[in-house]
Amino acid sequence: MRPRFSNFRKTLKEWCLLIDGKEPSTNKTYNAKPNYDAETIDWWYEADRTHDGDTPRDQAYLIAYLEVFGPVLPMKGLAVHEGWIYPDRAIMRSLHTAGILAVEDKAFVLTDAGRSQIAAHIVEDENKFRRVTGSEQKG
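What you see is a predicted model, and the numbers here were worked out from it, not measured in a lab.

1. Observations concerning the overall build of the protein chain
Stage number 1. When helices and strands are tallied, the protein chain shows five helices and seven strands.
Stage number 2. Mapped from its N terminus to its C terminus, the protein chain presents α and β elements in the order α-α-α-β-β-β-α-β-β-α-β-β.
Stage number 3. Summarising its shape, the C-alpha atoms of the protein chain cover approximately 40 × 30 × 30 Å along the three principal directions.
Stage number 4. When each of the 139 residues of the protein chain is scored for burial, the buried share is 46%.
Stage number 5. When the accessible surface of the protein chain is summed, it comes to about 7,600 Å², and 47% of that surface belongs to carbon and sulfur atoms.
Stage number 6. Of the side chains in the protein chain, 19 bear a positive and 21 a negative charge, and the two mean positions are spaced by 6 Å.

The following block contains the structure:
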């Protein structure tokens, strides 16, 4: 079952405020159809600007995407009840460049480095991600 767009936005806002201290600036709307142009990594590297893949903003977006959509993030878009969300292009490119995400079968997946980066916040549990409990927190 697809999540509702409003639930995704709520999760994204929570993670951005918690990790980055600011509200999300993208993914404000959903789209009617998937973006098949985005199924090649070259499309992601056409983003106008780059930034470090280890920023709190990148981490917040990645954690929200994983918590809501699971460990496989289709490059063409993330399906919600109302349509499709296109992952933030600059963030996904940055995470790929930093080795946090890899591409497999037209989808972004976490690398071991990516799993280490998010481990303090969410953990994979039966092909889904859930928030870390107090007893699981690291650091």
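2. Looking at the pattern of salt bridges
Stage number 1. Applying the stated criterion across every chain, the model contains 10 salt bridges.
Stage number 2. One salt bridge connects Arg4 with Glu82, and the closest N-O pair in it is separated by 3.6 Å. Of this pair, Arg4 sits in the segment before helix H1 (5-20) while Glu82 is found in the loop between strand E2 (78-80) and strand E3 (83-85), placing the two residues 78 residues apart along the sequence.
Stage number 3. Arg89 is the partner of Glu46 in a salt bridge, and the nearest nitrogen-oxygen pair spans 3.2 Å. In this pair, Glu46 is assigned in the loop between helix H2 (41-44) and helix H3 (56-69) and Arg89 in helix H4 (residues 89-97), connecting sequence segments 43 residues apart.

3. With respect to the packing of aromatic side chains
Geometrically, a pair of aromatic rings is defined through the distance of the ring centres and the angle of the planes.
Stage number 1. Under the definition given, this model contains six aromatic pairs.
Stage number 2. When the centroid spacing of 5.5 Å and the interplanar angle of 45 degrees are considered together, the rings of Phe8 and Phe69 count as tilted. Remark: Phe69 occurs in helix H3 and Phe8 occurs in helix H1; sequence separation between them is 61 residues. Of the two residues examined, Phe8 and Phe69, each falls in the buried class.
Stage number 3. Centroid distance Trp44 to Phe108: 5.1 Å. Interplanar angle 80 degrees. Geometry classified as edge-to-face. Of this pair, Trp44 sits in helix H2 while Phe108 sits in strand E5 (residues 107-110), and the two are 64 residues apart along the sequence.

4. A closer look at the nonpolar core
Most often, soluble globular proteins keep nonpolar side chains buried together rather than apart.
Stage number 1. In terms of nonpolar packing, the biggest core is built from 32 residues, with Leu62, Leu66, Leu73, Met92, Leu110 and Ile118 touching the most fellow members.
Stage number 2. Listed by contribution, the elements that provide at least two residues to this core are H1, H2, H3, E2, H4 and E5.
Stage number 3. Here the element with the most residues in this core is H3; it accounts for eight residues.
Stage number 4. Apart from residues lying up to four places away in sequence, Leu73 is in contact with Leu62, Tyr65, Leu66, Leu78, Met92, Ala107 and Phe108.

Definitions and limits used
Residues numbered from 1 in each chain as written. Predicted model: local features only at pLDDT ≥ 70, side-chain atom pairs only at ≥ 80, totals over all residues. Heavy atoms only, no water. Helix = DSSP H or I, 4+ residues; strand = E, 2+ residues; numbered from the N terminus. Buried < 20%, exposed > 50% of the residue type's maximum accessible area, 1.4 Å probe, protein only. Areas by Shrake-Rupley, 256 points an atom, 1.4 Å probe, with all protein chains shown as cover. Lys, Arg positive; Asp, Glu negative; His and termini not counted. Charge placed at Lys NZ, Arg CZ, Asp CG, Glu CD. Salt bridge = Lys/Arg side-chain N within 4 Å of Asp/Glu carboxyl O. Phe/Tyr/Trp six-rings, centres within 6.5 Å; stacked < 30°, edge-to-face > 60°. Core = buried A, V, L, I, M, F, W, Y, C linked by side-chain atoms within 4.5 Å. Contact = heavy atoms within 4.5 Å.

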